[in-house]
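Take a look at the letters that make up each chain.
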2 protein chains.
Amino acid sequence: MRMGRPREFDAETALDQAMEVFWRHGYEGATIAQLTEAMGINPPSLYACFGNKEGLLKAALDRYTKLRGVWMDEVVAAPTARAVAERMLMGIADKQTDPANPPGCLLVQGGIACGTGSENVPFELATRRAQNEDQLRDRFVRAKAEGDLKPSSDPAALARYVSAVAVGMGVMASSGADREALRQVASVAVQAVEAQSAPK
Amino acid sequence: MRMGRPREFDAETALDQAMEVFWRHGYEGATIAQLTEAMGINPPSLYACFGNKEGLLKAALDRYTKLRGVWMDEVVAAPTARAVAERMLMGIADKQTDPANPPGCLLVQGGIACGTGSENVPFELATRRAQNEDQLRDRFVRAKAEGDLKPSSDPAALARYVSAVAVGMGVMASSGADREALRQVASVAVQAVEAQSAPK
DNA sequence: CCAGATATGTAGTGTTCACTACAGATGTGG
DNA sequence: CCACATCTGTAGTGAACACTACATATCTGG
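Model, not experiment: these values are computed from the prediction. (Residues numbered from 1 in each chain as written. Chains lettered and ligands numbered in written order. Predicted model: local features only at pLDDT ≥ 70, side-chain atom pairs only at ≥ 80, totals over all residues. Heavy atoms only, no water.)

Trainee: I would appreciate a short explanation of the overall build of chain A in the present structure.
Mentor: Looking only at helices and strands, one finds nine helices and zero strands in chain A. Listed N to C, the secondary structure of chain A is α-α-α-α-α-α-α-α-α in terms of helices and strands. The long-range fraction of contacts in chain A, counting pairs at least 24 apart against all pairs at least 6 apart in sequence, stands at 66%. Taking the 23 positively charged and 25 negatively charged side chains of chain A as two groups, their mean positions are separated by 3 Å. (Helix = DSSP H or I, 4+ residues; strand = E, 2+ residues; numbered from the N terminus. Contact = heavy atoms within 4.5 Å. Lys, Arg positive; Asp, Glu negative; His and termini not counted. Charge placed at Lys NZ, Arg CZ, Asp CG, Glu CD.)

This is the structure in structure tokens:
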């Protein structure tokens, strides 16, 4: 099998740069010119490697969720439902205001609403947010089985709630909320989970 | 003063149609062609009346927040902080899944991230979301003064929290969450406010 | 060192976008 | 009825967009 000329850029490094552009400007707001410049490549290299703009977004999302998945594993490893919620929301407050990244969350900034021809972009983002929610729900199901959450509690509703708060914090972060403000939101939000926890 | 030919369309009716297009596709995803078709007018009429695309968005946002303001007044008229939060979040669950409108909230769907040249669109939306939050905060400040909220509570943090949940619910609604799912989120969320309420 | 295969850079392609020039239509004031 | 002002519909405008044709460069297998 013939190999041909090897590519001169590192795909993952380039993806990190593309991720940041999508994160800051959204899918529709990001232009190929911005993406190629940030990635340090020319359009033909981008299309040869990722197919098209949407393919590049999906690759960036894969990378994002993969990194995030590692962190989520740590989150759900917390001992109680309350600790899970606290670790998650406090961590999100920090992550979403980390100056190393654009503010907010790529799964929100990427594109909540899109124009004709990009309808599956919001769907793609929603699917990945739902995966997070599922992971959280499974953890809360376990917490209920362990007697950590009240028998009357609804693990799915709790997971959906925590997800909603996380998304809301992301939007706030992208519109300028600072770390302390987000931590206060997280701190209040955790109390609802605490209210569903069994008395010790 | 000369009057000239009168316009043949009703500006508010046309705005309602434009609002729906922005709501469904976002600012960048909405095209002038879609907007003019929905409004039943031609581009020159749009530009004569609203200046440009961004002017049209602002006019639509003004109309949206005006209608919403009436409802918010009812919300903050609830007797307790808990009742305010419940009325607001339950109402939002219903409004954001009302089939008469696109799902979610225009102040979120309009555009969280935008491309170069539309940077002030997200800012414009954030400003209007902040107005809601301010109204809520003022109400919670009062609740604290009345002894309805604990002395240790932070009205600004509570208002920010409720706003965040509302935004998160909007994103969920736009990605397919049904009314019951949103009501469950609201129901859980209210418990955090309850935890900040003074024991009766 | 040659043939085939893949990557790269230059320089475009057609399409779609927000926006407008212009001519005709419809109103008001004198 | 005329001068003027504003609106409307047709038909575009230049610019920006996602994407690509093509020539050249750089690799591997034989």
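Trainee: I tried to follow the interface of chain A and chain B on my own but got confused; where do I start?
Mentor: Quite often, the size of an interface is put as the accessible area lost when its parts meet. Taken together, the contacts link 39 residues of chain A with 39 residues of chain B. At the junction of chain A with chain B, the criterion picks out zero salt bridges. Seen at the junction of chain A and chain B, the total is 15 residue pairs in polar contact (both at pLDDT 80 or more). Only α1 (11-29), α7 (120-145), α8 (155-174) and α9 (179-195) of chain A provide two or more residues apiece to the side of chain A that touches chain B. Sorting elements by how many residues they give to the side of chain A that touches chain B places α8 of chain A first, with 13 residues. Across the side of chain A that touches chain B, the residue classes break down as 19 nonpolar, 14 polar and six charged. (Salt bridge = Lys/Arg side-chain N within 4 Å of Asp/Glu carboxyl O. Polar contact = N/O pair within 3.5 Å; in protein donor to acceptor, adjacent residues only side chain to side chain. Nonpolar A, V, L, I, M, F, W, Y, C, P; charged D, E, K, R; others polar.)

Trainee: I would appreciate a short explanation of the protein's contact with DNA strand D in the present structure.
Mentor: As a matter of local geometry, DNA strand D sits amid 25 residues, with I32, Y47 and K53 of chain A together with E8 and N42 of chain B nearest to it. A breakdown of the atoms of DNA strand D within 4 Å of the protein gives sugar and phosphate a share of 71%. Measuring from a phosphate oxygen of DNA strand D, one finds a side-chain N or O atom of K53 of chain A at 2.9 Å. The separation between a phosphate oxygen of DNA strand D and a polar side-chain atom of N42 of chain B is 2.7 Å. Those elements giving two or more residues to the surface near DNA strand D turn out to be α3 (43-50) of chain A together with α3 (43-50) of chain B. (Near = heavy atom within 4 Å.)

Trainee: Please clarify how the side chain of R160 of chain A should be interpreted in this entry.
Mentor: Its place among the elements puts R160 of chain A in helix α8. One buried charged residue, R160 of chain A, forms no salt bridge at all, with the nearest opposite charge on E133 of chain A at 4.4 Å. A distance of 3.5 Å separates a polar atom in the side chain of R160 of chain A from the backbone oxygen of A181 of chain B. Here the side chain of R160 of chain A touches Q184 of chain B through a polar contact of 2.2 Å, side chain to side chain. Those residues in contact with R160 of chain A, other than ones at most four positions away along the chain, are E133 of chain A together with M172, A181, Q184 and V185 of chain B. (Buried < 20%, exposed > 50% of the residue type's maximum accessible area, 1.4 Å probe, protein only.)

Trainee: In this structure, what is going on with the protein's contact with DNA strand C? I would like to understand it.
Mentor: In the vicinity of DNA strand C there are 25 residues, among which R5, E8 and N42 of chain A together with I32 and K53 of chain B approach most closely. The contact in question runs from a phosphate oxygen of DNA strand C to an N or O atom on the side chain of S45 of chain A, over 2.9 Å. R5 of chain B has a polar side-chain atom sitting 3.1 Å from a base nitrogen of DNA strand C. For the surface near DNA strand C, the secondary structure elements donating two or more residues are α3 of chain A together with α3 of chain B. When residues in the surface near DNA strand C are grouped by element, the largest group, three residues, is from α3 of chain B. Residue composition of the surface near DNA strand C, by class: 12 nonpolar, six polar and seven charged.

Trainee: Before we go on, may I ask you to explain the pattern of salt bridges in this structure?
Mentor: Between side chains of opposite charge, a pair can form as their charged atoms come close. A full pass over the atoms with the stated rule returns 26 salt bridges over all chains. The salt bridge involving R63 of chain A is made with E12 of chain A; its shortest N-O contact spans 3.3 Å. Within this pair, whereas R63 of chain A is found in helix α4 (residues 53-76), its partner E12 of chain A is found in helix α1, the two being separated by 51 residues in sequence. Take R63 of chain A: its relative accessible area is 19%, and that puts it in the buried class. Notably, a salt bridge pairs D62 of chain B with R128 of chain B, separated by 2.7 Å at the nearest N-O pair. Placement of the pair is D62 of chain B in helix α4 (residues 53-76) and R128 of chain B in helix α7 (residues 120-145), with a sequence separation of 66 residues. Under the relative-accessibility criterion, D62 of chain B is labelled partly exposed at 41%. Using a relative accessible area of 10% as the deciding quantity, one classes R128 of chain B as buried.

Trainee: In this structure, what is going on with the packing of α4 of chain A against α7 of chain A? I would like to understand it.
Mentor: Two numbers describe a pair of packed helices, the interaxial angle and the distance between the axes. All names here are of chain A. Between α4 and α7, the least distance of the axes is 11 Å, while the angle of their chain directions is 15 degrees. By the angle between their axes, α4 is roughly parallel relative to α7. Between α4 and α7 the crossing geometry is right-handed. Note on element contacts: α7 touches α4 through N120, V121, E124, L125, R128, N132, Q135, L136 and R139, opposite E54, L57, K58, L61, D62, T65, R68, M72, D73 and V76. Residue composition of the contact of α4 with α7, grouped by class: seven nonpolar, four polar and eight charged. (Axes fitted to C-alpha atoms, helices over the stretch in contact; angles between N-to-C directions. Parallel < 35°, antiparallel > 145°, perpendicular 65-115°, else oblique. Left-handed = near helix turned anticlockwise from the far one by under 90°.)

Trainee: Help me out: how do you make sense of the nonpolar core in this one?
Mentor: Nonpolar side chains in soluble globular proteins tend to end up buried together. M88, L89 and Y161 of chain A together with M88, L89 and Y161 of chain B are the most contacted members of the largest nonpolar core, which has 75 residues in total. With residues near it in sequence (within four places) discarded, Y161 of chain B still touches Y161, V165, V185, V188, A189 and A192 of chain A together with A189, A192 and V193 of chain B. I41, L61 and V171 of chain A together with L61 of chain B belong to the second-largest nonpolar core, a separate cluster that totals 63 residues. (Core = buried A, V, L, I, M, F, W, Y, C linked by side-chain atoms within 4.5 Å.)

Trainee: Sorry if this is basic, but what is going on with the side chain of E54 of chain B here?
Mentor: Residues and elements named next belong to chain B. Looking at the secondary structure, you find E54 in helix α4. Within the buried core, E54 has no salt-bridge partner, and the shortest N-O distance to an opposite charge, that of K58, equals 4.0 Å. In contact with E54, not counting residues within four places along its chain, are Y27, N120 and V121.

Trainee: What's the story with the packing of aromatic side chains in this structure? I'm lost.
Mentor: What describes a pair of aromatic rings is the distance from one ring centre to the other and the angle between the planes of the rings. Residues and elements named next belong to chain A. The final tally for this structure, using the stated rule, is four aromatic pairs over all chains. Taking the centre distance of 5.9 Å and the plane angle of 20 degrees together, the rings of F22 and Y27 count as stacked. Judged on exposure class, the residue F22 and its partner Y27 are both buried. With a centroid separation of 5.3 Å and an interplanar angle of 85 degrees, the aromatic rings of W23 and Y64 are classed as edge-to-face. You can see W23 sitting in helix α1 and its partner Y64 sitting in helix α4, a full 41 residues away along the chain. Of the residues examined, W23 reaches a relative accessible area of 5% and is grouped as buried. (Phe/Tyr/Trp six-rings, centres within 6.5 Å; stacked < 30°, edge-to-face > 60°.)

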